[in-house]
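Listed below, chain by chain, are the residues.
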Amino acid sequence: MREFLLGNEAIARGAWEAGVKFVSGYPGTPSTEIIETLATRYPETNPRWTANEKVAFEEGMGAAIGGLRTLVTMKHVGLNVAADAFMVFPYSGTNGGFVVISADDPGMHSSQNEQDNRYLARVAKVPVLEPSDAQECRDFMMAGLNLSEQFHSPVMLRTTTRLAHHKGLVEVGERTEVATREFNRDPQRFSVPIYRLLRRPEVEKTLTALAEYAETCPFNRIEEGRDNKIGVVTSGISYQYVKEVLPHVGVLRLGITYPLPANLLRDFCSKYETVYVIEEGEPFIEEFMRAAGIANITGKELFGVIGEYSPARLRKTLGMGNPPAPFTEGIKLIPRPPMFCIGCGHRTVFAALRQLRVTVSGDIGCYTMGALPPYEAEHTTFCMGASIGVAVGLEQAGHENTVAIIGDSTFVHAGIPPLIDAVYNKSRLTLIILDNSATGMTGSQPNPISGKDAMGEETPKLDLEALSRASGVQNVAVVDTWDRKEVVNVIRRAVSFKGPSVVIARGPCQQLPEIKRSLRIPFFIHEDLCTQCDACFKVWCPAITRTENNFPVIAANECTSCTVCAQVCPTDAIKLAEGFA
Amino acid sequence: MKIYSLMFAGVGGQGSLLIAELTSLAAVQAGYDTKQTEVHGVSQRGGSVETHVRFGEKIHSPIVTPGEAHAVVGLEKLEALRFAHFIDPQNGTILVNDYELVPASVLNAEKIYPHESIEFLKSKGLRVISLPASQTARDLGDARMANVVLLGALSNLLPIEREVWDKTLRLRIPAKYLEGNLQAFEAGAKEMTERMKAEA
Ligand SMILES: Cc1ncc(C[n+]2csc(CCOP(=O)(O)OP(=O)(O)O)c2C)c(N)n1
């Protein structure tokens, strides 16, 4: 049977077919749809969202050594968070098959950096599989579990944005149940550092065996070319661009990119005058080839390390034509940047921060948009959880009025140790937690604050107030995020408080399905009362536009009834619409 | 064999992804190898959304190359302009909804919005067909079906039989909205036929 699937859906399908019985992960573009698909279509795989990637990885390690076929998913930077566990797992090796997805994001479509995680795999000494289309996303997922069991090694399945987020036809099968493997308590294998010295040579042995395997394994494929002038070594989605732009050249498509097959590469390259190494990201394959003494290659000096590849880019690079650029001459092509949703509770907080003119140390989530016009009220953002530590450091550098701002999911993910530290080191930190009960930016997944798990089942809610107090914060305030004036007051008080403060700005994410479904009475602007002062436009709500007569008008079917525009209207011209029951 | 490359452009929430998906599924039903990919920024909310669809005997890249698209379908004028360079200037058709959505996140956008984009693209010698899809959809009872009106228009340009389109819509559109969407599709297809006749 063939299905038209997203790369991520194909991975989910492969995991299901291969009998996976435990899946953990933290949302992150472009990996998120794997667990979403498993949760909605394949609950037998027992998928869950965890507090962060390190927790996901560790739960996965436990499940795998306990004997289950296991999948752990995350975006590339997630693996940094899980790196501590990732680096030691190969020392014990796994019992049940273990695959970790590293979803890399060349072009930084939705990430804070470009990071090629094949390097992390090399540091950890973990084999890497790179599929080239949706079919292989499924196939490699399944084969990766076998490989993992065969070599007792965790396996990384590396995808990239284009692979994870493209759809293609996938031949699928049914699920095969796989028996849970026996787990023997074996401290020499799974425990304490002293035994690690014994395990160290095992890691090298496994790697050597994998390198041998890579020489002849079915993941790598040679396609003969028409002549021997140019050959191409490639991997991942780049393979598709090569087939498109250079359909007649010889290709070595590497499906396993760590460890790399030195002999296979040497043999292949010896048949061609010049070999292009076309790999998105860093020169990972290329560096290996150069170190292996292969000299007739051209790689990053021509194709570049920055950004996403495409057929257009390859054509241009190879002097095969210059695809047209957007029309910008003779017309003004204005941008359309993303913005806070209609009714988003983050708006009032950024309006307040702008008004209070404080320095704002930001974090990762929808609220990074607070750095952009019209708010421009977020002055640093680095990585998840950094808002708090950076604010403490800025305070030490004399910026006393620094406010840290973090989303609920990010707070749970990486904000708790730095909050405890801020109290411990006597900071006067003001921390705003934007509590919208969702991991908004990645598609409003549930998190420990939502009271729901990945399967939609009820689960205890984390109590942010109690947690803040238990950390030693005395000034803890909760505010309705749509109460404009109160938001300003509460933040102002927190900033002037002579000790650490936590402000919880609360109100659900407008993209949550239950919120979208709820019936709400829209607001309506009475033109007889409106003086066209434009105050409501300063709310920057996309549901408010202008009529031909220059009056503001609210799109009734889009208004979420957040009330903020009504609060700013000086003439009370904005009222609940009549005739809605 | 010929490869059909299509670009769908719109604003998050307008349903450009849905009609791209319907086109892909119809192409699959019609027996073509098909690939689709969506590009959007940090958060798709209210930002521009582009979806690429390619079908033919064998498809490698899911990404459409500028200058090769058989059709660019714009659900909004500014977005049509933004992705117009994807069109094959000799044989392609830009189908655009005669509808403006001023970006709320750009300061003074009302003043600098390029209202003349359709005339501009025509002046470049491109085949641009502008349809009042939002109006047509509103007349049929729901302005949100503008996307399916455009899909109906697009169907005239593709080698996919009408029965396949119908079947695809029936498979994918929830029962509650099906009848309206079938009408929207039909209206778009008819309008396009008339435009093409008028051109000839
Ligand atoms: C280490 C890491 N994991 C995952 C992500 C992907 N990601 C970006 S923002 C975000 C969470 C946003 O949720 P929240 O903090 O609650 O803020 P909201 O978007 O709801 O405002 C995630 C998971 C990331 N950037 N870095």
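Structure shown above.
This text gives an overview of the structure that appears in the document. Everything numeric in this text was worked out from a predicted model, so none of it was measured.

1. Remarks on the site of the ligand
Residues and elements named next belong to chain A.
Link 1 in the chain: Neighbouring residues of the ligand: 26 residues in total, closest Glu53, His346, Asp408, Thr410 and Gly440.
Link 2 in the chain: Here glutamate 53 contributes a side-chain N or O atom positioned 2.6 Å from a nitrogen atom of the ligand.
Link 3 in the chain: Calculation on the ligand without its partners gives an accessible area of 580 Å², and the protein chains cover 98% of this total.
Link 4 in the chain: Among the elements of the structure, helix H4 (76-81) and helix H18 (408-424) are those that each provide at least two residues to the shell around the ligand.
Link 5 in the chain: Among the elements that make up the shell around the ligand, the one with the highest residue count is H18 (four residues).
Link 6 in the chain: Here the residues of the shell around the ligand are counted per class, giving ten nonpolar, 13 polar and three charged.
Link 7 in the chain: Among the domains, domain 1 (2-216) and domain 3 (346-515) are the pair contributing at least three residues each to the shell around the ligand.

2. With respect to the packing of aromatic side chains
Link 1 in the chain: Counting across every chain of the model gives 20 aromatic pairs over all chains.
Link 2 in the chain: Each ring, one from tyrosine 258 of chain A and one from phenylalanine 284 of chain A, has its centre 6.2 Å from the other, and the planes form 65 degrees; the classification is edge-to-face. Separated by 26 residues along the polypeptide, tyrosine 258 of chain A in strand S12 (residues 256-258) and phenylalanine 284 of chain A in helix H13 (residues 284-291) bring together distant segments of the chain. With respect to burial, tyrosine 258 of chain A and phenylalanine 284 of chain A carry one shared label: buried.
Link 3 in the chain: Cluster of aromatic residues (ring-pair linked, three or more members): Phe57, Phe86, Phe89 and Phe98 of chain A.
Link 4 in the chain: Note that lysine 2 of chain B overlies the ring of tyrosine 4 of chain B, its terminal NZ or CZ placed 5.0 Å from the centroid.

3. Some thoughts on unusual backbone geometry
Residue and element names in this part refer to chain A.
Link 1 in the chain: Note the cis peptide between threonine 29 and proline 30, where omega equals 5 degrees.
Link 2 in the chain: Inspection of the secondary structure puts proline 30 in the loop between strand S2 (22-25) and helix H2 (33-41).
Link 3 in the chain: Look at the link from tyrosine 258 to proline 259: it is a cis peptide, with omega at -10 degrees.
Link 4 in the chain: If you trace the backbone, proline 259 turns up in the loop between S12 and helix H12 (262-270).
Link 5 in the chain: Phi angles above zero are rare outside glycine, and lysine 426 is one such case at about 55 degrees.

Conventions used here
Residues numbered from 1 in each chain as written. Chains lettered and ligands numbered in written order. Predicted model: local features only at pLDDT ≥ 70, side-chain atom pairs only at ≥ 80, totals over all residues. Heavy atoms only, no water. Near = heavy atom within 4 Å. Polar contact = N/O pair within 3.5 Å; in protein donor to acceptor, adjacent residues only side chain to side chain. Areas by Shrake-Rupley, 256 points an atom, 1.4 Å probe, with all protein chains shown as cover. Helix = DSSP H or I, 4+ residues; strand = E, 2+ residues; numbered from the N terminus. Nonpolar A, V, L, I, M, F, W, Y, C, P; charged D, E, K, R; others polar. Domains from an automatic or database assignment. Phe/Tyr/Trp six-rings, centres within 6.5 Å; stacked < 30°, edge-to-face > 60°. Buried < 20%, exposed > 50% of the residue type's maximum accessible area, 1.4 Å probe, protein only. Lys NZ or Arg CZ within 6 Å of the ring centre and 35° of its normal.

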